[in-house]
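Observations on the model geometry
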Protein chains: 2
Amino acid sequence: MSERVVPATARQRRRPTKQGVVLSGELIVETAMRLIEEHGADALSVRRLGRALGADPSPLYRYFRHTDELMLAIADELIGRTLRGWRPTGDWRADLRELGLRMHAGALAHPRAATLSAHRVTGRTYEIQAVETILGILRNAGFPDAEAVRVYHAFVDQALAYGALDSASTALPKPARDAEADVWRATYARLPATSHPHIAATARHLVASMRNSSYPAALDLLLTAAEARLAQSRAGKRLVGD
Amino acid sequence: MSERVVPATARQRRRPTKQGVVLSGELIVETAMRLIEEHGADALSVRRLGRALGADPSPLYRYFRHTDELMLAIADELIGRTLRGWRPTGDWRADLRELGLRMHAGALAHPRAATLSAHRVTGRTYEIQAVETILGILRNAGFPDAEAVRVYHAFVDQALAYGALDSASTALPKPARDAEADVWRATYARLPATSHPHIAATARHLVASMRNSSYPAALDLLLTAAEARLAQSRAGKRLVGD
DNA sequence: TTCACAGGTCAACGGTGTTGTCATAAGGTG
DNA sequence: CACCTTATGACAACACCGTTGACCTGTGAA
């Protein structure tokens, strides 16, 4: 069995499927994202994707080695869409804040695709572009290389982690989400002070607080800490310098 | 069809399976966790679980409505184990740090349960116990109720978000996980400085840093911020006091 | 000792990812 | 324009998955 997957550039015969669709890596990724957004993450299966494309599932394996590789392609497309339209202002802190909020918003806008792809390193074009951009912001701001990487890592992990967390509940079917919200009111808010004094004392705050995302606060926390580090490293450099 | 799932207390006839095993909710959860620990997250399926128990898969549905409910039970057991053996020292910051690290480690040990439960509230006994414990630490440390809830929320979300993020890769099939680890070395570390100057300049640091979780750093950041808030609120109270 | 029925077994349904084999039309060549 | 190669899509099969309905049997109360 020679190579099953043929790179896009090496493809020569664009043969339409029985239903007249001309397949391509892009079309497959596009259709997959549409499927996820419209019918939920569970709706994405090789067979359903084939059906949605108007093709047999098996030729998909001539474009992606396995489902996982397709997932990575979807993830990268998501990154690309998130970055599209963004322009740096030159203020590193403002830029990072904007990027973080965009990534978070992007995850919320494509909740199902986000939950699927948040934890993967794609190594594809858009992701590489994003990494280069963020590292550039930090290094241009004056962060030493090692420190820039540390901040980059913390920043990206945080955006991905909260993006996945917050979009996961968005992706739940409505009744499940309502049931979820009710647990705080129906279960926690009713615990007696005798057995659970701390929960009982704060029940009102709990019900109110657990509805909102804690990401913006966490992001600002991170940026403030980074700023402090930057000031430190500048002071150190001045000392060593001359 | 009357109720299929019978609550543990209402069970009356303990009938052994063909292979002589007496089923119970506890035994099922225990076996499921053992399966995950011994053969990876992928090894957990209703059918395999049945086989491991020495029983047909179908009676499991007399104990849990569906796989999801089993996962929640596993998640709660996970919380229970996390707390078991932990003793408060009286130093709120050290206690929270220890709890956070334990939660994170627990998530890594049981990735599938962690991923599932990160954005869900189980409302089960161990979860309630954990909420009560954490709120108690904060209130005893002197955090006012509203502030205690705010810190609680940030702390828990962070632990869950990073737990899910970091454990998601653990839940991947082995080949995918290996490929993942290689992307930084094989793809990023080889980008030319001409096209990607910032990545090229920091490649060495990237390869080293991206292996580790950024959770411990993020946790310390959060605790430091909380400590500052606590000092502020104490100062405010003194002012208002007399 | 009897006997209702709880709690097992069994078989089946419709789904999944993936692969080996086959048919056919695309597109270069004479 | 006809031919031929072969790239690429179709088909069928495999082994798995979660879940359910029908059935059987041993438990434990009467």
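Source: prediction; values computed, not measured.

Assigned secondary structure in chain A consists of ten helices and zero strands. Of the regular secondary structure in chain A, the N- to C-terminal order runs α-α-α-α-α-α-α-α-α-α. Radius of gyration (C-alpha) of chain A: 23 Å, far over the 18 Å computed for a compact globule of 242 residues. With the principal axes as the frame, chain A shows a C-alpha extent of 65 × 65 × 35 Å. Looking at chain A as a whole, 45% of its 242 residues qualify as buried.

To continue, consider the protein's contact with DNA strand D. Inspection of the region around DNA strand D gives 30 residues, with Arg13, Lys18 and Arg62 of chain A together with Arg47 and Thr67 of chain B positioned closest. When atoms of DNA strand D within 4 Å of the protein are sorted by moiety, sugar and phosphate together comprise 51%. Contact distances for DNA strand D include 2.8 Å between a base nitrogen and a side-chain N or O atom of Ser58 of chain A. A distance of 2.5 Å is found between a base oxygen of DNA strand D and a side-chain nitrogen or oxygen belonging to Arg62 of chain A. Considering each element in turn, the surface near DNA strand D owes the most residues, four residues, to helix α2 (residues 46-53) of chain B.

Residue and element names in this part refer to chain B. Following the criterion strictly, the structure yields six aromatic pairs over all chains and no others. Relative to Phe143, the ring of Trp92 lies with its centre 5.3 Å away and its plane at 90 degrees, an arrangement referred to as edge-to-face. You can see Trp92 sitting in helix α4 (residues 92-109) and its partner Phe143 sitting in the loop between α6 (125-141) and α7 (145-170), a full 51 residues away along the chain. A relative accessible area of 12% means that Trp92 is categorised as buried.

We now examine helix α1 (residues 25-39) of chain A. All names here are of chain A. Under the 1.5 Å per step criterion, the end-to-end length of α1 is 21 Å for 15 residues, consistent within 8% with the ideal 21 Å. Turning to α1, its buried residues number three or more, namely Ile28, Val29, Thr31, Ala32, Met33, Leu35 and Ile36. Taken together, the buried residues of α1 touch α2 (46-53), α3 (67-83) and α5 (111-117). Immediately downstream of α1, the backbone of Gly40 shows phi near 90 degrees, a positive value.

To continue, consider the confidence of the model for chain A. The predicted model of chain A averages 89 in pLDDT, with 95% of residues at 70 or higher. α2 of chain A holds the highest mean pLDDT among the elements of chain A, 97, whereas helix α8 (residues 174-187) of chain A holds the lowest, 77.

With that settled, the discussion passes to the protein's contact with DNA strand C. If you check the shell around DNA strand C, you find 30 residues, and the closest are Arg15, Arg47 and Thr67 of chain A together with Arg13 and Arg62 of chain B. For DNA strand C, the fraction of atoms within 4 Å of the protein that belong to sugar or phosphate moieties is 47%. Interatomic distance of 2.8 Å between a backbone N/O atom of Val46 of chain A and a phosphate oxygen of DNA strand C. At four residues, α2 of chain A tops the list of elements feeding residues into the surface near DNA strand C. In terms of residue class, the surface near DNA strand C is made up of eight nonpolar, eight polar and 14 charged.

Okay, the interface of chain B and chain A next. Counting from both sides, the interface comprises 50 residues of chain B and, opposite them, 50 residues of chain A. Of the roughly 4,700 Å² buried where chain B meets chain A, counting both sides, 69% is carbon and sulfur surface. There are zero salt bridges connecting chain B and chain A. Our count for the contact surface shared by chain B and chain A stands at 15 residue pairs in polar contact (both at pLDDT 80 or more).

Applying a rotation about an axis and a shift along it to one chain copy brings it onto the other copy. For these two chains of identical sequence, chain B goes onto chain A by a turn of 179 degrees and a shift of 0.3 Å along the axis, with RMSD 1.5 Å. Such values leave the two copies arranged in the relation of a two-fold axis. When C-alpha positions in chain B are compared against the rotation axis, the closest is assigned to Ala161 of chain B, at 2.5 Å. Comparing interface residues between copies, 98% of those in chain B also sit at the interface in chain A, which points to an isologous, same-surface contact.

What follows concerns the packing of helix α1 (residues 25-39) of chain B against helix α3 (residues 67-83) of chain B. All names here are of chain B. Two elements in contact, α1 and α3, have axes separated by 10 Å at closest approach and are oriented at 80 degrees. In terms of orientation, α1 lies roughly perpendicular with respect to α3. On the side of α1, the interface is formed by Ile28, Val29, Ala32, Met33 and Glu37, while α3 contributes Leu70, Ala73, Ile74, Glu77, Leu78 and Arg81. Classifying every residue of the contact of α1 with α3 gives eight nonpolar, no polar and three charged.

All names here are of chain A. The full count for this structure, using the stated rule, is 24 salt bridges over all chains. A salt bridge links Asp220 to Arg97, with the nearest nitrogen and oxygen atoms 2.8 Å apart. Of this pair, Asp220 sits in helix α10 (residues 215-241) while Arg97 is found in helix α4 (residues 92-109), placing the two residues 123 residues apart along the sequence. The partly exposed category is assigned to Asp220, whose relative accessible area is 28%.

Bringing the side chain of Gln158 of chain B into the picture now. Mapped onto the fold, Gln158 of chain B is located in helix α7. Note on Gln158 of chain B: relative accessible area 5%, which makes it buried. Leaving out residues up to four positions away in the same chain, Gln158 of chain B has contacts with Tyr162 of chain A together with Tyr215, Ala218, Leu219 and Leu222 of chain B.

Let's shift gears to α2 of chain A. Residues and elements named next belong to chain A. What α2 keeps buried is the set Val46, Leu49, Gly50 and Leu53. Across the axial projection of α2, the buried residues extend over an arc of 100 degrees, all falling on one side. In this structure, α2 carries Arg47 and Arg51 as exposed residues pointing more than 90 degrees from its buried face. Those residues of α2 hidden inside the fold are in contact with α1 and α3.

This next bit is on the environment of Val207 of chain A. Residues and elements named next belong to chain A. Within the secondary structure, Val207 is located in helix α9 (residues 197-209). Considering only alpha carbons, one finds Val207 and Asp182, 25 residues apart in sequence, at a separation of 9.1 Å. Leaving out residues up to four positions away in the same chain, Val207 has contacts with Trp184, Arg185 and Ala189.

Reading the values: rules and limits
- Residues numbered from 1 in each chain as written.
- Chains lettered and ligands numbered in written order.
- Predicted model: local features only at pLDDT ≥ 70, side-chain atom pairs only at ≥ 80, totals over all residues.
- Heavy atoms only, no water.
- Helix = DSSP H or I, 4+ residues; strand = E, 2+ residues; numbered from the N terminus.
- Rg over C-alpha atoms; globule rule 2.2 N^0.38 Å.
- Buried < 20%, exposed > 50% of the residue type's maximum accessible area, 1.4 Å probe, protein only.
- Near = heavy atom within 4 Å.
- Polar contact = N/O pair within 3.5 Å; in protein donor to acceptor, adjacent residues only side chain to side chain.
- Phe/Tyr/Trp six-rings, centres within 6.5 Å; stacked < 30°, edge-to-face > 60°.
- Expected span 1.5 Å × (residues − 1).
- Contact = heavy atoms within 4.5 Å.
- pLDDT = per-residue confidence, 0-100.
- Nonpolar A, V, L, I, M, F, W, Y, C, P; charged D, E, K, R; others polar.
- Buried area = accessible area lost by both parts, 1.4 Å probe.
- Salt bridge = Lys/Arg side-chain N within 4 Å of Asp/Glu carboxyl O.
- Least-squares fit on C-alpha atoms with pLDDT ≥ 70 in both.
- Axes fitted to C-alpha atoms, helices over the stretch in contact; angles between N-to-C directions.
- Parallel < 35°, antiparallel > 145°, perpendicular 65-115°, else oblique.
- Arc of directions from axis to C-beta.

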